[in-house]
Amino acid sequence: MLSARVIEESSSTTKVRKQSGPSGGGKDKPPKKASENGKDGSLSPAGQSQLRAQQLALVREVEMNWYLKLCDLSHEGTTACITGMPHRNLGKSGLRVSCLGLGTWVTFGGQISDEVAERLMTIAYESGVNLFDTAEVYAAGKAEVILGSIIKKKGWRRSSLVITTKLYWGGKAETERGLSRKHIIEEIVRAMTHVINQGMAMYWGTSRWSAMEIMEAYSVARQFNMIPPVCEQAEYHLFQREKVEVQLPELYHKIGVGAMTWSPLACGIISGKYGNGVPESSRASLKCYQWLKERIVSEEGRKQQNKLKDLSPIAERLGCTLPQLAVAWCLRNEGVSSVLLGSSTPEQLIENLGAIQVLPKMTSHVVNEIDNILRNKPYSKKDYRS
């Protein structure tokens, strides 16, 4: 089922237009030797990706230095420096988001009390998280209300936060659901363009759309001079890799769509809590999550638990927990702009936020070790041709 996302940022936030980096194509510059490139004298795909990453990093550094100087600020005074929380661009947009965000699915307005929700948001905010995700369907709209109430109560600057919500399921009536004109003005792209032009949001993206549908939305936007999506929200974890690792990177390079991923612990499966069955207090024990319980006790679920046991020694060697290893594994993918965490207790959130400390330890050797255990690395058509 398709849903569209609305990404809000305070209209008072200063926006910096990206400047083109130096082309490096001066006439007096000698051509690179073939040994530095591919056999035909051109960079290999891996080399091209690395070069693009270096160029983007340089542009971002120049932008940041210029902006800090403009505002008479220093790097030491930024949230990222104080908290140690890395920030990344959302796709190729200028929007900077914390690489870890806090989601509200199941928890806010449902599994946890309002007091616990406030505690979770406070921990996240003080840890440098600026991205909070919700949806109109979460707890029948209550999650959005709780999120907004906490922000107002805490007195946090709206310009320091990025709030994302999703539209589709809405109410019970036929006219309260979907992405039709009655629901949010007109067909999806035109509707989202209107929402942004009216100042109700700064960006928009998609959630659980196929690559073909995202390309179609982009084409419509370009054809009729409207605003295209900047990101896709997709499920991504150790056992769900195809879309984020094969399909979305191609969209990123073609049209700049980034990835905001959810369920890094596979609805708790990777947390290790289901190693000996389904605990009574777990999400899988809830009546409305019978599908999750069936997945856990299935043959495939048992195989996954065995693989998690094989991954535990790697986590121990790196000095982290299995959940922290799983979240850091998601973050090691440079195509992922932000990973949304879903936590029901402060202790769980603090543990998952600790994945930031594990990220520098995710070397190619460690990643290969994990791949050898999982044996589910997806391959693109280019990989097969090579």
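A quick note: this is a predicted structure, and the numbers were derived from the prediction, not measured.

Caption draft 1: The overall build of the protein, seen in detail. Per the secondary structure count, the protein includes 16 helices and ten strands. In the protein, buried positions account for 46% of the 386 residues. A total of about 20800 Å² of accessible surface is found on the protein, and carbon and sulfur atoms cover 52% of it.

Caption draft 2: Geometry of the environment of Thr104. Among the structural elements, Thr104 can be located in the loop between strand 4 (100-103) and helix 3 (107-111). Under the relative-accessibility criterion, Thr104 is labelled buried at 1%. Residues Thr104 and Leu147 lie 43 residues apart in sequence; the distance between their C-alpha atoms is 8.4 Å. Ignoring sequence-local partners within four residues, the contact set of Thr104 consists of Asp133, Thr134, Tyr138 and Ala143. Separated by 3.2 Å, the side chains of Thr104 and Thr134 make a polar contact.

Caption draft 3: Spotlight on the packing of helix 10 (residues 290-297) against helix 11 (residues 299-318). Relative orientation of the contacting elements helix 10 and helix 11 amounts to 65°, with a least axis distance of 4 Å. The angle between helix 10 and helix 11 falls in the class roughly perpendicular. Contact with helix 10, carried on its side by Arg295, Ile296 and Val297, involves Glu299, Gly301 and Arg302 of helix 11 and no other residues of that element. Along the lines of polarity and charge, the residues of the contact of helix 10 with helix 11 split into two nonpolar, one polar and three charged.

Caption draft 4: Highlighting the pairing of strand 10 (residues 336-341). Most of strand 10 sits out of view: six of its six residues are buried. Pairing of strand 4 with strand 10 involves three bridges; the strand directions are parallel. Residue pairing in the sheet places Leu100 in a bridge with Val339 of strand 10. In this sheet, strand 10 lies alongside strand 9 (residues 258-262) in parallel orientation, the contact comprising three bridges. Directly across from Ala259, in strand 10, lies its bridge partner Val336.

Caption draft 5: Fine view of the pattern of salt bridges. Evaluated as defined, the whole model comprises ten salt bridges. The shortest N-O distance in the salt bridge between Glu232 and Lys243 comes to 2.7 Å. With a gap of eleven residues between them, Glu232 in strand 8 (residues 231-235) and Lys243 in helix 9 (residues 242-255) connect regions that are remote in the sequence. What makes Glu232 buried here is its relative accessible area of 0%. Through salt bridges that share partners, Arg241, Glu245, Arg332 and Asp371 make up one connected network.

Caption draft 6: View of the packing of aromatic side chains. The tally for this structure, following the rule as stated, stands at six aromatic pairs. On the numbers, 5.7 Å between centres and 45° between planes, the contact of Tyr289 with Trp291 is tilted. Put simply, the rings of Trp105, Trp262, Tyr289 and Trp291 touch in pairs and so form one group of aromatic residues.

Caption draft 7: Focus on the nonpolar core. Among the nonpolar cores identified, the biggest contains 88 residues, and Leu100, Phe108 and Ile370 are the most heavily contacted of them. When residues in this core are grouped by element, the largest group, eight residues, is from helix 12 (residues 322-331). Setting aside residues up to four positions removed in sequence, Ile370 forms contacts with Leu238, Leu311, Ile314, Leu325, Trp329 and Met362. By size, the runner-up hydrophobic cluster in this structure holds 13 residues, among which are Leu95, Val97, Val230 and Met260.

Caption draft 8: Region of interest: the side chain of Glu232. A polar contact of 3.4 Å, which involves the side chain of Glu232, links it to the backbone nitrogen of Ser207. Engagement of the side chain of Glu232 in a polar contact is seen with the side chain of Lys243, the distance being 2.7 Å. In this structure, Glu232 is in contact with Thr206, Ser207, Arg208, Trp209, Ile214, Lys243, Leu248, Val257, Gly258, Ala259 and Met260, ignoring residues within four places of it in sequence.

Caption draft 9: The side chain of Thr193, seen in detail. The residue Thr193 is located in helix 7 (residues 188-197) in this model. A polar side-chain atom of Thr193 sits 2.9 Å from the main-chain carbonyl oxygen of Val189. Residue contacts for Thr193: discarding those within four places in its chain leaves Met226 and Ile227.

Calculation criteria
- Residues numbered from 1 in each chain as written.
- Predicted model: local features only at pLDDT ≥ 70, side-chain atom pairs only at ≥ 80, totals over all residues.
- Heavy atoms only, no water.
- Helix = DSSP H or I, 4+ residues; strand = E, 2+ residues; numbered from the N terminus.
- Buried < 20%, exposed > 50% of the residue type's maximum accessible area, 1.4 Å probe, protein only.
- Areas by Shrake-Rupley, 256 points an atom, 1.4 Å probe, with all protein chains shown as cover.
- Contact = heavy atoms within 4.5 Å.
- Polar contact = N/O pair within 3.5 Å; in protein donor to acceptor, adjacent residues only side chain to side chain.
- Axes fitted to C-alpha atoms, helices over the stretch in contact; angles between N-to-C directions.
- Parallel < 35°, antiparallel > 145°, perpendicular 65-115°, else oblique.
- Nonpolar A, V, L, I, M, F, W, Y, C, P; charged D, E, K, R; others polar.
- Pairing = 2+ DSSP bridges.
- Salt bridge = Lys/Arg side-chain N within 4 Å of Asp/Glu carboxyl O.
- Phe/Tyr/Trp six-rings, centres within 6.5 Å; stacked < 30°, edge-to-face > 60°.
- Core = buried A, V, L, I, M, F, W, Y, C linked by side-chain atoms within 4.5 Å.

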